[in-house]
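Structure assessment
The primary structure of each chain is shown beneath.
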Amino acid sequence: MNTTLREIVQAMPKAELHIHIEGSLEPELIFELAGRNRVDLPYKSVEELRRAYAFTDLQSFLDIYYAGASVLLTEQDFYDMTRAYLERAKADNVLHAEIFFDPQTHTARGVEFGTVITGMHRALRDAHAQWGISASLILCFLRHLSEEEAFETLEQALPYRDKFIGVGLDSSERGHPPEKFARVFARCKELGLHLVAHAGEEGPPAYITTALDVLHVERIDHGVRCLEDRGLTERLARQQTALTVCPLSNIKLRVFDQMHDHNLLTLLDAGIAVTINSDDPAYFGGYINDNFIATFEALPLTVDHARQLARNSISASFLAPRAKEKYLGEIDAFFANCGTAPAVAQ
Ligand code: ADE
Ligand code: ZN
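Residues numbered from 1 in each chain as written. Chains lettered and ligands numbered in written order. Predicted model: local features only at pLDDT ≥ 70, side-chain atom pairs only at ≥ 80, totals over all residues. Heavy atoms only, no water.

**A few points about the site of ligand 1**
In plain terms, the rule: Only heavy atoms are used to decide nearness, and a residue is near a molecule or strand if one of them lies within 4 Å of it. In the analysis that follows, any N or O atom pair within 3.5 Å is treated as a polar contact, provided that within protein one partner can donate a hydrogen and the other can accept it, and provided that, for residues neighboring in sequence, both atoms belong to side chains. Computed with a 1.4 Å probe, the accessible areas rest on the Shrake-Rupley method; for each residue, only the protein chains presented here act as cover. Using a grid of 1 Å spacing that covers the protein atoms alone, one calls a set of points a cavity when a 1.4 Å probe fits there but cannot get out, and a pocket when the set is open and has protein on both sides within 12 Å along at least five of seven lines; lining residues are those with an atom within 4 Å of a point. Molecules are considered to sit inside a cavity or pocket once more than half of their atoms lie within 2 Å of its grid points. We count a stretch as a helix when DSSP gives it H or I for four or more residues in a row; a strand needs E for two or more, and each element gets its number in order from the N terminus. In the scheme used here, Gly and all other residues not listed as nonpolar or charged are polar, with Ala, Val, Leu, Ile, Met, Phe, Trp, Tyr, Cys and Pro taken as nonpolar and Asp, Glu, Lys and Arg as charged.
For ligand 1, the full set of nearby residues is H20, L58, F61, L62, Y65, D170, S171, H198, E201, H222, D279 and D280. Between a nitrogen atom of ligand 1 and a main-chain N or O atom of S171, the distance comes to 2.8 Å. Surface burial for ligand 1 is 100%, taken as the share of its 260 Å² of free accessible area covered by protein chains. With respect to the pocket detection grid, ligand 1 is positioned in the largest cavity. Looking at the shell around ligand 1 element by element, the count peaks at four residues for helix α4 (residues 58-69). Grouping the constituent residues of the shell around ligand 1 by class yields four nonpolar, four polar and four charged.

**Re the coordination of the zinc ion (ligand 2)**
Counted only if it meets this: Only nitrogen, oxygen and sulfur atoms within 2.8 Å of the metal, or 3.2 Å for Na, K and Ca, are treated as donors, and water is left out, so sites may look incomplete. Any site counts as irregular unless it has four donors with all angles between 85 and 135 degrees, making it tetrahedral, or four or six donors with opposite ones more than 155 degrees apart and the rest between 65 and 115, making it square planar or octahedral. In this scheme, a residue with accessible area under 20% of its type's maximum is buried, one over 50% is exposed, and one in between is partly exposed, where area comes from a 1.4 Å probe on protein chains only.
Protein ligation of the zinc ion (ligand 2) involves H18 (NE2), H20 (NE2), H198 (NE2) and D279 (OD), the donor distances falling in the range 2.0 to 2.2 Å. Coordination geometry of the zinc ion (ligand 2): the four donor atoms subtend angles of 83 to 173 degrees at the metal centre, consistent with an arrangement described as irregular. The sequence motif formed by the donor residues of the zinc ion (ligand 2) is H-x1-H-x177-H-x80-D. Here H20, found in strand β1 (residues 14-20), pairs with H198, found in strand β5 (residues 194-199); they are 178 residues apart in sequence, far enough to count as distant. You can call H198 buried: its relative accessible area is 5%.

**Here's the deal with the layout of surface pockets**
This is how it is decided: Grid points are joined across faces, edges and corners, and a volume is the space filled by probe spheres set on the points.
Its boundaries defined by the atoms lining it, the largest pocket holds a volume of some 220 Å³. Taken together, 14 residues form the lining of the largest pocket, with Q240, I272, A273, Q308 and N312 sitting closest to its centre. Broken down by class, the residue content of the lining of the largest pocket amounts to six nonpolar, six polar and two charged.

**Some words on empty space enclosed by the protein**
All told, the structure shown has two cavities of 30 Å³ or more when counted by the stated rule. Considered as a void within the structure, the largest cavity measures approximately 90 Å³ in volume. Per-element accounting of the lining of the largest cavity gives the leading share, four residues, to α4. A breakdown of the residues in the lining of the largest cavity according to their chemical character gives five nonpolar, three polar and five charged. Taken as a whole, the second largest cavity holds about 40 Å³ of empty space. As for the second largest cavity, its lining consists of I30, L41, P42, Y43, L49, Y53, I64, A67, G68 and Y283. Per element, the largest residue contribution to the lining of the second largest cavity is three residues, and it comes from α4. Each residue belonging to the lining of the second largest cavity can be placed in one class, and the counts come to nine nonpolar, one polar and no charged.

**A short note on the sheet that holds β1**
The criterion, for reference: For two strands to count as paired, DSSP must find a minimum of two bridges between them. Lines fitted to C-alpha atoms define the axes, with helix axes restricted to the stretch in contact, and inter-axis angles between N-to-C directions lie between 0 and 180 degrees. Two residues qualify as a contact provided that any one of their heavy atoms is within 4.5 Å of a heavy atom in the partner residue.
Reading across the sheet, the eight strands line up as β1-β2-β3-β4-β5-β6-β7-β8 and stay open at both edges, with parallel pairing between neighbours. A strand with exactly one partner marks an edge of an open sheet, and here the two such strands are β1 and β8 (274-276). Neighbour to neighbour, the strand axes of the sheet diverge by 25 degrees on average, direction disregarded. Pairing geometry for β5 and strand β6 (residues 219-222), over four bridges, is parallel. Bridging across to β6, H198 finds its partner in D221. Contacting β2 (94-101) and β3 (134-142), helix α7 (residues 113-131) crosses the sheet at an angle of about 160 degrees to β3.

**Things to note about the pattern of salt bridges**
Condition: Salt bridges are counted wherever a side-chain nitrogen of Lys or Arg sits within 4 Å of a carboxyl oxygen of Asp or Glu.
One pass over the structure, following the stated rule, counts 18 salt bridges. A salt bridge links R88 to D290, with the nearest nitrogen and oxygen atoms 3.9 Å apart. Of this pair, R88 sits in helix α5 (residues 75-91) while D290 sits in helix α15 (residues 288-298); the two residues are 202 residues apart in sequence, bridging distant segments of the chain. Residue D290 is classed as partly exposed on the basis of its relative accessible area of 29%.

**With respect to the packing of helix α1 (residues 3-11) against α15**
Note the following rule: An angle below 35 degrees is treated as roughly parallel, one above 145 as roughly antiparallel, one from 65 to 115 as roughly perpendicular, and anything else as oblique. Each crossing gets its handedness from the near helix: less than a right angle anticlockwise from the far helix is left-handed, clockwise is right-handed.
It is the contact of α1 with α15, at a shortest axis distance of 9 Å, that shows an interaxial angle of 150 degrees. Viewed along their axes, α1 and α15 adopt a mutual orientation that is roughly antiparallel. When the axes of α1 and α15 are compared, the crossing they make is right-handed. Contacts between α1 and α15 pair L5, R6, V9 and Q10 from the former with N289, F292, I293, F296 and E297 from the latter. Its residues assigned to classes, the contact of α1 with α15 shows five nonpolar, two polar and two charged.

**Quick word on the side chain of T82**
Along the chain, the position of T82 falls in helix α5. There is a polar contact of 2.7 Å between the side chain of T82 and the backbone oxygen of F78. Those residues within four positions of T82 in sequence are excluded, and the remaining contacts are I21, M120, A123 and L124.

Pasting the structure below:
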């Protein structure tokens, strides 16, 4: 990738639609919070913890990710974690972020739902006031737990309905198909919540189909295995159902061997509304711009792809139509100013 294209993907305005806030906890902050809250960690130092980040698959990552989240106890902890992410996102020229959180990881340890969401929401408000970054929260149900437990979580969440915009489904995918959560998603739809689900990351393309047909989700998180089913690929393109793809995550969790093998360009060529996101940036080697750079370095992507990816991130967001128009206008103005000089295209 030439320098100009690198500068463009870094500087262009964008949205991030797939970021787990607990996955933005940097080892330094984990140790700081462990000290503050007197939580014992099974690692002696930041370096030792970082060395443990050698994952073989999704489950090997989730085990460490849930252990890292165990240091979060107070409202201020959730505030600090969220503020640190938003500051980093602002530096990557993120205009808007839709942020996942896993309440069950915290309520299972005796932390109140209200403590979690109040801390995060206060950080969103302050970041908007100080840095102009817009952000909203999406509550994820852990799919390795039961649907009954998801319903209990929804009950705990309802007094805070104004503080989150939707629900998602994450954690261990294999053996936990979307249809396991049919009834709770139906209830969330009645409540007017936005719906998304992780599907087709490690799990089969059939999980993408049931996420669409049974859960009625509006976006698919990951979804990269859709290409194994030609009918599904054509459907996603026809319906313009966005995929929130996380390239560095896919490499670290061995969905693809190396970035050269990633199917992101094939997905774009198939006409699918692809977006680039960071998933769990503290664990997978980088934030959203690191994901853009790693992908553009490995694949023959051009400035036109950069513009398309930036536009997709806004179009696929849950922003109101007027906000989308405004942000799409900012992206178009950015690309009109940087032009399409030959040095930029590959
Ligand atoms: N929770 C955090 N990151 C995740 C991922 N990539 N897949 C499923 N659940 C997750
Ligand atoms: Zn994810």
